[in-house]
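Next come the chains, spelled out residue by residue.
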Amino acid sequence: AQSVTQPDIHITVSEGASLESRCNYSYGATPYLFWYVQSPGQGLQLLLKYFSGDTLVQGIKGFEAEFKRSQSSFNLRKPSVHWSDAAEYFCAVGGAAGNKLTFGGGTRVLVKP
Amino acid sequence: KAGVTQTPRYLIKTRGQQVTLSCSPISGHRSVSWYQQTPGQGLQFLFEYFSETQRNKGNFPGRFSGRQFSNSRSEMNVSTLELGDSALYLCASSLVGQGNTIYFGEGSWLTVV
């Protein structure tokens, strides 16, 4: 069975500092990995995705993630956060067959001025 | 290009009633999936439809059902509502094929009283 773990429920970071949000997955085949962001009361916006190829993936809003197969990880990073990055971030894994995504529990990011 | 559109955005129902939620996918997208988001259980996959056929199903009781129309629009129905059905219901759509991005709507907020 597939699963996703986001170990950090909350992360507090100062504006301008770097952010890293961890994601570990379990999947029996080649995983398709996603990071989504959700602002309060909103739906999910895709930040980036990994399907194959270069293991360092660039996304929108200056986010990037690195796929490490040996560690079953897909950690999200941003070099310098802005106050508008305060939101909840979800890592998800899916497969080639269909669009069934399994989500992690989410990481809520707070940005201090 | 319009995104995934969900209606209604907010609704309040009484225990025992039923509810129908609607989703219009992005033009050209033939796969539609539904997710339930609650504070306690997080984001959980309900079901996926493609070409008017249910292709994947999550672990929810039979009170939760869905369908897809020939124009790819989808509806989900919850019968005999329970308090625990209060949640944000998210619809997502994608093209069909490996490695396609899954786009989410803003969701329908259901409150059961």
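Below, the structure is looked at part by part. Since we're looking at a predicted model, the values are computed, not measured. (Residues numbered from 1 in each chain as written. Chains lettered and ligands numbered in written order. Predicted model: local features only at pLDDT ≥ 70, side-chain atom pairs only at ≥ 80, totals over all residues. Heavy atoms only, no water.)

What follows is about the overall build of chain B. Helix and strand counts for chain B stand at zero helices and 11 strands. Element order for chain B, N to C, with α for helix and β for strand: β-β-β-β-β-β-β-β-β-β-β. Here chain B has a C-alpha radius of gyration of 13 Å; the compact-globule value for 113 residues is 13 Å, and the two agree. Projecting the C-alpha coordinates of chain B onto the three principal axes gives extents of approximately 40 × 25 × 25 Å. Buried positions account for 49% of the 113 residues belonging to chain B. In chain B, 53% of the contacts between residues at least 6 apart in sequence involve partners at least 24 apart. Roughly 5,300 Å² of accessible area belongs to chain B as shown, and the carbon and sulfur atoms make up 48% of that amount. Side-chain charges in chain B split into 10 positive and 6 negative, and the spacing between the mean points of these groups amounts to 2 Å. (Helix = DSSP H or I, 4+ residues; strand = E, 2+ residues; numbered from the N terminus. Rg over C-alpha atoms; globule rule 2.2 N^0.38 Å. Buried < 20%, exposed > 50% of the residue type's maximum accessible area, 1.4 Å probe, protein only. Contact = heavy atoms within 4.5 Å. Areas by Shrake-Rupley, 256 points an atom, 1.4 Å probe, with all protein chains shown as cover. Lys, Arg positive; Asp, Glu negative; His and termini not counted. Charge placed at Lys NZ, Arg CZ, Asp CG, Glu CD.)

Listed by partner, the interface residues are 24 residues for chain B and 18 residues for chain A. Counting each side, the surface lost to burial between chain B and chain A is near 1,700 Å², with a carbon and sulfur contribution of 53%. Three residues stand out in chain B for area buried against chain A, namely Leu43(B), Ile102(B) and Phe104(B), and they jointly supply 29% of the buried area on that side. Along the contact surface separating chain B from chain A lie zero salt bridges. Counting the contacts that link chain B with chain A gives four residue pairs in polar contact (both at pLDDT 80 or more). For the side of chain B that touches chain A, the secondary-structure elements that each account for two or more residues are strand S4 (31-38), strand S5 (42-50), strand S6 (53-57) and strand S9 (87-94) of chain B. (Buried area = accessible area lost by both parts, 1.4 Å probe. Salt bridge = Lys/Arg side-chain N within 4 Å of Asp/Glu carboxyl O. Polar contact = N/O pair within 3.5 Å; in protein donor to acceptor, adjacent residues only side chain to side chain.)

Should their charged atoms come close, side chains of opposite charge can pair. Counted under the stated rule, the structure contains 10 salt bridges over all chains. Salt-bridge contacts for Glu75(B) lead to Arg73(B); the nearest nitrogen and oxygen are separated by 3.5 Å. For Arg73(B), a relative accessible area of 24% puts it in the partly exposed group. By sharing partners, the salt bridges in this structure join Glu64(A), Glu66(A) and Arg77(A) into a single network.

Generally speaking, soluble globular proteins have nonpolar side chains that are buried together. With 25 residues, the main nonpolar core has Trp35(A), Leu47(A), Leu48(A), Phe74(A) and Tyr89(A) as its most contacted residues. For this core, the secondary-structure elements that each account for two or more residues are strand S2 (10-14), strand S5 (32-38), strand S6 (45-50), strand S8 (64-68), strand S9 (73-78), strand S10 (87-94) and strand S12 (107-112) of chain A. Tallying contributions element by element places S10(A) first for this core, with four residues. One finds Leu11(B), Leu21(B), Met76(B) and Ala87(B) within the second-largest nonpolar core, a separate group that totals 21 residues. (Core = buried A, V, L, I, M, F, W, Y, C linked by side-chain atoms within 4.5 Å.)

This next bit is on unusual backbone geometry. Here the amide bond leading from Thr7(B) into Pro8(B) is cis, since omega sits at -10°, within 30 degrees of zero. Among the structural elements, Pro8(B) can be located in the loop between strand S1 (5-7) and strand S2 (10-13). Backbone geometry places Ser72(A), a non-glycine residue, at a positive phi of 50°. With respect to the helices, strands and loops of the structure, Ser72(A) is situated in the loop between S8 and S9. For Glu52(B), which is not glycine, the phi dihedral falls at a positive 65°. Along the polypeptide, Glu52(B) turns up in the loop between S5 and S6.

Tallying each qualifying case throughout the model produces two disulfides over all chains. Between the sulfur of Cys23(A) and that of Cys91(A) lies a disulfide, 1.9 Å long from S to S. Where Cys23(A) bonds to Cys91(A) through sulfur, the torsion about that S-S bond is close to -65°, and the disulfide is left-handed. Separated by 68 residues along the polypeptide, Cys23(A) in the loop between strand S3 (19-21) and strand S4 (24-26) and Cys91(A) in strand S10 bring together distant segments of the chain. Of the residues examined, Cys23(A) reaches a relative accessible area of 0% and is grouped as buried. Among the residues examined, Cys91(A) registers a relative accessible area of 0% and is labelled buried. The residue that forms a disulfide with Cys23(B) is Cys91(B), at a sulfur-sulfur distance of 1.8 Å. Around the S-S axis, the bridge from Cys23(B) to Cys91(B) shows a dihedral of about -65° and counts as left-handed. In this pair, Cys23(B) is assigned in strand S3 (residues 19-24) and Cys91(B) in strand S9, connecting sequence segments 68 residues apart. (Disulfide = S-S within 2.5 Å.)

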